[in-house]
Number of protein chains: 2
Amino acid sequence: MSSEERVAEVSFNAQEETAIRTRLIRLQEKITEAKVPVVVLLCGPNGSGKNAMLEILREWMDQRRLNLHAYERRNVRQDPIEFRRYWCDTPENGYTGLFVSSWYSDPLTARSYGKMDDGEFHKALDRCVLFEKMLADGGAVLCKIWFRKSGKAQEKFLCALDDDPYESWRVMPDDWKNCRFAEKFDETTKMLLRYTGKPFAPWFEITDGSLSERVRSALDVFCTRVESEIAARAAVKPPKNKEIKLHKAAFLKKVDMGAALSKNEYNVLLPYMRARLNALLTEARNRGKKVVLAFEGPDASGKGGVISRLASSVFVRDCTVFPIAAPTKQELAHNFLWRFWDRLREQNLLTVFDRSWYGRVLVERLEHFATDAEWSRAYDEINAFEKQLTEGDTIVVKFLLYITADEQLARFKARQEVAYKTWKIGDEDWRNRDKWDQYETAFDDMIAKTDTKYAPWYVIPDNNKKFGRIETMRLLCERLEKVLDYVPDLPKPDLPEKAPRKNGKKKN
Amino acid sequence: MSSEERVAEVSFNAQEETAIRTRLIRLQEKITEAKVPVVVLLCGPNGSGKNAMLEILREWMDQRRLNLHAYERRNVRQDPIEFRRYWCDTPENGYTGLFVSSWYSDPLTARSYGKMDDGEFHKALDRCVLFEKMLADGGAVLCKIWFRKSGKAQEKFLCALDDDPYESWRVMPDDWKNCRFAEKFDETTKMLLRYTGKPFAPWFEITDGSLSERVRSALDVFCTRVESEIAARAAVKPPKNKEIKLHKAAFLKKVDMGAALSKNEYNVLLPYMRARLNALLTEARNRGKKVVLAFEGPDASGKGGVISRLASSVFVRDCTVFPIAAPTKQELAHNFLWRFWDRLREQNLLTVFDRSWYGRVLVERLEHFATDAEWSRAYDEINAFEKQLTEGDTIVVKFLLYITADEQLARFKARQEVAYKTWKIGDEDWRNRDKWDQYETAFDDMIAKTDTKYAPWYVIPDNNKKFGRIETMRLLCERLEKVLDYVPDLPKPDLPEKAPRKNGKKKN
């Protein structure tokens, strides 16, 4: 009894072992071939069959394509962004991610201990379902198995472990506590299973039988679920992308594309903006907050220049800039948000994305790298992503640097003519330029659908680079002042008294 | 004056700017083409020209191939493994890594503040030199620039910053402290430059002139150094690999390849070993220690089976197993140790490598993936790597699981015959088998050169899998008992009284 949890105790006869092992290996071949990511959740208390199942999968499957995830709960709870770790750990296409403790652990425990009321509990479960929906929509197969066990049986099991000097290490203080709260756990588990079992991520309960029978059932559930989902996916052919319907860009209405600053104004304003931004970021740090900025805009709209001015408002170590190019092979084999989660794993005070996750609804939409279903869904997915960041410790602000088509042409020509700028211009830029109207429509849809209260968009006219740089910093400062409810104590800059000049012509 | 550190204050005329920007962009093209990693160190106090240089490189170079690294010193000092972060941040081939604070920061400050005596200081510098030598040997171009500045000039500079409401944020409390210790800093810097300037990583000092002149000199130094190193590398052709000279394997002398355990003995010993190992790992955790294990051995020597038994001695969350296969493209573009440093970035209590960094002196040696110079040098590099881990918080133990050629043949045949095992056997395994004698020689060289006091090798006869599993756990326990000077209090297992059976025949 004391070794109930050991693989040795799960006894299959030779014929059965052959059948199961062959099925598992075939399944793994199918997963690789179908290039789907598989997410397996094994839930339940110690001794329920969960660990026995796990040991069999570790022993019998190809470990190179099976990633095991278990978490020190304390570390997970310390992360202000609830799903960050789970997102970073989602398996890539063709791989299986085995989650032994998961996004359900904390809500389950908290409600069972009476530390979370039902309202909060359901909200926490909603977030779990949303996460799983995003994975499933992205093509992942989800297989969730809950090994149920009665409080009585658990008590007997723990006593037996405790009595065996070689097995007592398996009993953690929390095991006894959970046993004491067994009825509450049982009730909470039932609620949880009912509430979070969805067609795209159903629950499979393992309730009866000996350890071997439980593991046998779970293995069958796992294989059947993944086999049938892969078959279902193979049957569906993605429809062709529709032509984009152009419409006039509403986001430009309020933007004065002729706005400009003189060199004198710029030189007076830059140190002021820098000091103001520095004070606000210092305040953010003192409050345990981080800042994430996303920059989008047409080629040559001056993102790099704005970003380097912004970045020089803090010490080098406090800012990380990520230039985002085409995804690598590994990144492509994940959900499109994964590479951004991965870059936010260890977050700096200020993190700047030079192009961002909005590529999904811009270049990927227009070049048909994403299907219509994928990019249409992405607005909601992006909103959910940014919501998570802002509900954590992160302030998210987004900037669209905009220039007129004429200004872009002038900048392209300058790039072609200056030796040290030619690397910045290639065929792709000219091809993108041909799609100016399509991009304008895509920018407009993007702003209409993702300009949220918690993560607003700002459109910056950047025909005049000096204006664009100062304006971005000014709007960022204003946003931070609002979010932090804090205004730095700085003398106002000594500007010549006059209205901002309007100036459409090129002025660098 | 207050804005001495701003790029705006570095004034180049148009012609000069064109020349410098063109040179920088050409240089970056050459770096990409030559596929060398470039490591640039910019050292010196604020206002010395360091930050102005940095801003120019950020502004004028292609940011996609320039990675900037600065560190919160506190975080670096908290890491028990001194160079881990730096290793993880080394640039890949064709990229430039710009280190603004670096491995010299802490020794410099500590000695200047009188917190480190000269003996420790020189030891710390030795470690810096060793790190740079490994990078240079691996093909990296190192360019180290120190911007010198007198204490007087620094004082004046800090006062000016402090007086300007828009610039005072740049002054950190440590700046004034360092200014107070200016003479000590000056003396320490001189020692440091003398001691760590090496032909493969020379120092370039920037001492005189205005800010513009300093930056101009530094830019010239940077370009000239990298250009000439790339030219020098292009001129050298790697010699062909020599044939391997076979010799008899001494490591097998003390190994009893016939050792075996009965099923009964195994079933009694396994829970005991597991409990013992668990107690030792718990003790290690309580002392803030981690454990890293490396497994090597011929194909089919049973590494997976041993590892899964070992791993089941702790909770799932406390052990990470890395199966090591051929390096990815990104991994290949780094020093061969990088992918292991990267996996050790966030270390679990127990980390197990199923194949390891020893691939360099095994498969890479025999398949000529590494040149003779590379794999010959690797023994020292590996020793240095393991020394760093063990001087930090990590206990390193290495196991060579060994089987006889006959036993391998029997296991290969079994793999071919059993449907669920065929994925484990391919042409490559048979090709490796043809090189049995070469591998035996390579294993022997490996053990002769890397069996160190701080990271010992154990050779485990694994013709009998039960014996191999228990023996590995037993030797690991003994090693941990010795290192931790702690023996767990556990009842001895109840074994039938007899000498271990000798048994050469297959017994799984």
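Residues numbered from 1 in each chain as written. Chains lettered and ligands numbered in written order. Predicted model: local features only at pLDDT ≥ 70, side-chain atom pairs only at ≥ 80, totals over all residues. Heavy atoms only, no water.

Scanning chain A from N- to C-terminus turns up 20 helices and 10 strands. In chain A, buried positions account for 58% of the 508 residues. Pairs at least 24 apart in sequence give 83% of the contacts found in chain A among residues at least 6 apart. Chain A carries 86 positive and 78 negative side-chain charges, and their two centres are separated by 5 Å. (Helix = DSSP H or I, 4+ residues; strand = E, 2+ residues; numbered from the N terminus. Buried < 20%, exposed > 50% of the residue type's maximum accessible area, 1.4 Å probe, protein only. Contact = heavy atoms within 4.5 Å. Lys, Arg positive; Asp, Glu negative; His and termini not counted. Charge placed at Lys NZ, Arg CZ, Asp CG, Glu CD.)

Turning our attention to the environment of Thr18 of chain B. Counting through the fold element by element, Thr18 of chain B comes out in helix α1 (residues 14–34). Here the alpha-carbon distance between Thr18 of chain B and Asp494 of chain B, two residues 476 residues apart in the chain, equals 83 Å.

In this section: the sheet that holds strand β10 (residues 457–461) of chain A. All names here are of chain A. Strand order in the open sheet formed by five strands is β7-β8-β6-β9-β10, and the pairing between neighbours is parallel. Strand pairing shows two members of the sheet lacking a second neighbour, β7 (319–323) and β10, which therefore form its edges. Between one strand axis and the next, the sheet turns by 20° as a mean value, whatever way the strands run. Sheet analysis places β7 next to strand β8 (residues 350–354), joined by five bridges and oriented parallel. Following the sheet pairing, Cys319 is matched in β8 by Leu350. Helix α12 (residues 303–311) rests against β6 (290–296), β7, β8 and β9 (394–402) of the sheet, and its axis sits at about 160° to β6. (Pairing = 2+ DSSP bridges. Axes fitted to C-alpha atoms, helices over the stretch in contact; angles between N-to-C directions.)

Okay, the packing of aromatic side chains next. Throughout the structure, instances matching the rule amount to 64 aromatic pairs over all chains. Judged by centre distance (6.3 Å) and plane angle (90°), the ring pair of Trp375 of chain A and Tyr379 of chain A falls under edge-to-face. In this pair, Trp375 of chain A and Tyr379 of chain A are both assigned in helix α16 (residues 372–391), four residues apart and thus about one turn of the helix distant. Here Trp375 of chain A falls in the buried class, since its relative accessible area comes to 13%. A relative accessible area of 3% places Tyr379 of chain A in the buried class. Considering the side-chain rings of Phe353 of chain B and Trp357 of chain B, the 5.0 Å spacing of their centres and the 70° angle between planes classify their relative orientation as edge-to-face. (Phe/Tyr/Trp six-rings, centres within 6.5 Å; stacked < 30°, edge-to-face > 60°.)

Moving on, we come to the pairing of strand β4 (residues 141–147) of chain A. Residues and elements named next belong to chain A. Counting buried residues along β4, seven of its seven residues qualify, which places the element largely inside the surrounding structure. Because side chains alternate across β4, one face comprises the buried residues Val141, Cys143, Ile145 and Phe147, and the other comprises Leu142, Lys144 and Trp146, equally buried. In terms of strand pairing, strand β1 (residues 38–43) meets β4 through six bridges, oriented parallel. Looking across to β4, one finds that Val38 is bridged to Val141.

Glancing now at the environment of Leu261 of chain B. All names here are of chain B. In this structure, Leu261 sits in the loop between α10 (211–235) and α11 (263–286). Overall, Leu261 belongs to the buried group, its relative accessible area being 9%. A sequence separation of 10 residues divides Leu261 from Pro271, and the C-alpha atoms of the two residues are 15 Å apart.

The next point concerns the interface of chain B and chain A. Listed by partner, the interface residues are 52 residues for chain B and 52 residues for chain A. Here chain B packs against chain A, burying approximately 4800 Å² in sum over the two surfaces, 62% of which is carbon and sulfur. Area buried by chain B at its contact with chain A is led by Tyr166, Trp169 and Tyr420 of chain B, which between them contribute 17% of it. Along the contact surface separating chain B from chain A lie four salt bridges. (Buried area = accessible area lost by both parts, 1.4 Å probe. Salt bridge = Lys/Arg side-chain N within 4 Å of Asp/Glu carboxyl O.)

All names here are of chain B. Secondary-structure assignment places Arg276 in helix α11. According to the relative accessible area criterion, Arg276 is buried, its value standing at 10%. When neighbours within four sequence positions are excluded, Arg276 is seen to be in contact with Arg474, Cys477, Glu478, Glu481, Pro488 and Leu490.

All names here are of chain B. The geometry of α1 relative to α10 is characterised by a closest axis approach of 10 Å and an angle of 30° between their N-to-C directions. Between α1 and α10, the interaxial angle falls into the category roughly parallel. Crossing of α1 against α10: the hand is left-handed. Along its contact with α1, which presents Glu16, Ile20, Arg23, Leu24, Leu27, Lys30, Ile31 and Ala34, the element α10 presents Arg216, Leu219, Asp220, Phe222, Cys223, Thr224, Val226, Glu227 and Ile230. A per-class count over the contact of α1 with α10 returns 10 nonpolar, one polar and six charged. (Parallel < 35°, antiparallel > 145°, perpendicular 65-115°, else oblique. Left-handed = near helix turned anticlockwise from the far one by under 90°. Nonpolar A, V, L, I, M, F, W, Y, C, P; charged D, E, K, R; others polar.)

Turning our eyes to something else, we now look at the domain arrangement of chain A. All names here are of chain A. As assigned here, chain A comprises domain 1 (7–235) and domain 2 (288–484). The centre of domain 1, based on its C-alpha atoms, is set 38 Å off from the matching centre of domain 2. Opposite the 15 residues of domain 1 that make contact, domain 2 presents 20 residues. A combined buried area of about 1600 Å² lies between domain 1 and domain 2, and 58% of that area is made up of carbon and sulfur atoms. Along the contact surface separating domain 1 from domain 2 lie eight residue pairs in polar contact (both at pLDDT 80 or more). Secondary structure elements with two or more residues in the side of domain 1 that touches domain 2: α4 (84–88) and α6 (118–137). (Domains from an automatic or database assignment. Polar contact = N/O pair within 3.5 Å; in protein donor to acceptor, adjacent residues only side chain to side chain.)

Pairing geometry for strand β4 (residues 141–147) of chain B and strand β5 (residues 203–206) of chain B, over four bridges, is parallel. The residue of β5 of chain B that forms the bridge with Trp146 of chain B is Glu205 of chain B.

Bringing the relation of the copies chain B and chain A into the picture now. There are two copies of the chain, and a rotation about an axis plus a shift along that axis relates them. Expressed as a screw operation, the relation of chain B to chain A combines 0.0 Å of axial shift with a rotation of 180°, fitting to an RMSD of 0.0 Å. This pairing of chains is accounted for by a two-fold axis. Of the interface residues in chain B, 100% have counterparts in chain A that sit at the interface too, so the contact is made through matching surfaces. (Least-squares fit on C-alpha atoms with pLDDT ≥ 70 in both.)

Residue and element names in this part refer to chain B. An order of β7-β8-β6-β9-β10 is seen for the five strands of this open sheet, with the pairing classed as parallel. Two strands lie at the open edges of the sheet, namely β7 (319–323) and β10 (457–461), each paired on one side alone. The mean inter-strand angle of the sheet, taken between neighbouring strand axes irrespective of direction, is 20°. When strand β9 (residues 394–402) meets β10, the two strands line up parallel, connected through five bridges. Residue pairing across strands places Phe399 opposite Tyr458, the latter belonging to β10. Those strands touched by helix α19 (residues 436–450) are β9 and β10, and its axis lies near 155° from that of β9.

Take unusual backbone geometry next. Residues other than glycine seldom take positive phi values, yet Arg355 of chain A does so here, at roughly 70°. Tracing the backbone shows Arg355 of chain A in the loop between β8 and α15 (363–366). The partly exposed category is assigned to Arg355 of chain A, whose relative accessible area is 27%. The phi torsion at Lys35 of chain B lies on the positive side, around 50°, for a residue other than glycine. Structurally, the position occupied by Lys35 of chain B is in the loop between α1 and β1 (38–43). On the basis of relative accessibility, which here comes to 60%, the residue Lys35 of chain B falls in the exposed class.

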